[in-house]
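Spelled out from the first residue to the last, the chains are:
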Amino acid sequence: RQTSEALKEGQVSQAVADGTRAERQLSEMRDEFRKQASNRFSEEVRQLRDDAQQLDEKENELSDRLRQVDQKESKTKTLRDSTDRPDVGQEFTQQREDLKQLLDRMQETIREAEEPEPLLAGKLYDAFRETQRQQVERALEVTQAAADVGLMEQARAAESQAGEGIRQLRQS
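As a starting point, this report considers the structure included with it. Just so you know, these numbers come straight off a predicted model, no measurement behind them. (Residues numbered from 1 in each chain as written. Predicted model: local features only at pLDDT ≥ 70, side-chain atom pairs only at ≥ 80, totals over all residues. Heavy atoms only, no water.)

Details of the overall build of the protein chain
And step 1. Per the secondary structure count, the protein chain includes six helices and zero strands.
And step 2. Across the protein chain, helices and strands are ordered from the amino to the carboxyl terminus as α-α-α-α-α-α.
And step 3. Put simply, the protein chain has 172 residues, and 32% of those count as buried.
And step 4. In the protein chain, 70% of the contacts between residues at least 6 apart in sequence involve partners at least 24 apart.
And step 5. Within the structure as shown, the protein chain displays about 11500 Å² of accessible surface, and the carbon and sulfur contribution to it stands at 46%. (Helix = DSSP H or I, 4+ residues; strand = E, 2+ residues; numbered from the N terminus. Buried < 20%, exposed > 50% of the residue type's maximum accessible area, 1.4 Å probe, protein only. Contact = heavy atoms within 4.5 Å. Areas by Shrake-Rupley, 256 points an atom, 1.4 Å probe, with all protein chains shown as cover.)

Set out below in structure tokens:
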């Protein structure tokens, strides 16, 4: 506004100075906006990484637990259901829900970061797509279902697939 008023009054040097000042202020505002967006996404990525680490640690615990239930059932060989199987199955159901929530948050971050942080969005998308390709959620579902009915060999095979997918997600 000051630039146009200066031009109307014939003050060309004043108009140039006002225009340069406005350009500098706009550039500073743009840089500040980028910095704030970068800080926001840094915090979100840190949280996603922490959640993936917790998911991986829980998966390792569940793998050990599944192995213990399998060994226990192998030793007893009774027709009665193991009382541990429903518990471990429910824990895999919770693990699947936790993974789904993490993937949903990743998708949201990808959408929000597409324009201001395209490299970050691309990297997150690659990790998300690889997790989907490996069908980690499905592997957790199969693990839970197989453990619930006592098919421990199948449960362990599916858990191994899920565990590998979660490890790769954590590392990406």
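Having put the structure on the table, let's press on.
Description of helix H6 (residues 152-171)
And step 1. For H6, with 20 residues, the first-to-last C-alpha span of 28 Å sits near the 28 Å given by 1.5 Å per residue.
And step 2. For H6, the complete set of buried residues consists of Met 152, Ala 155, Ala 158, Glu 159, Ala 162, Gly 163, Gly 165, Ile 166 and Leu 169. (Expected span 1.5 Å × (residues − 1).)

Some details on the packing of helix H5 (residues 136-148) against H6
And step 1. Two numbers describe how H5 lies on H6: the axes approach to 8 Å, and their chain directions differ by 155°. The orientation of H5 with respect to H6, classified from their angle, is roughly antiparallel. When the axes of H5 and H6 are compared, the crossing they make is left-handed. Contacts between H5 and H6 involve Val 136, Ala 139, Leu 140, Val 142, Thr 143, Ala 146 and Ala 147 on the former and, on the latter, Met 152, Gln 154, Ala 155, Ala 158, Glu 159, Gln 161, Ala 162, Gly 165 and Ile 166.
And step 2. Each residue belonging to the contact of H5 with H6 can be placed in one class, and the counts come to 11 nonpolar, four polar and one charged. (Axes fitted to C-alpha atoms, helices over the stretch in contact; angles between N-to-C directions. Parallel < 35°, antiparallel > 145°, perpendicular 65-115°, else oblique. Left-handed = near helix turned anticlockwise from the far one by under 90°. Nonpolar A, V, L, I, M, F, W, Y, C, P; charged D, E, K, R; others polar.)

Considering the pattern of salt bridges
And step 1. For the structure shown, the criterion picks out 13 salt bridges.
And step 2. Put simply, Arg 105 and Glu 44 hold a salt bridge, and the shortest N to O gap is 3.8 Å. Here the residue Arg 105 occupies a position in helix H3 (residues 84-113), and Glu 44 occupies one in helix H2 (residues 12-76), the gap between them amounting to 61 residues.
And step 3. If you follow the salt bridges from partner to partner, you end up with Glu 44, Asp 51 and Arg 105 in one network. (Salt bridge = Lys/Arg side-chain N within 4 Å of Asp/Glu carboxyl O.)

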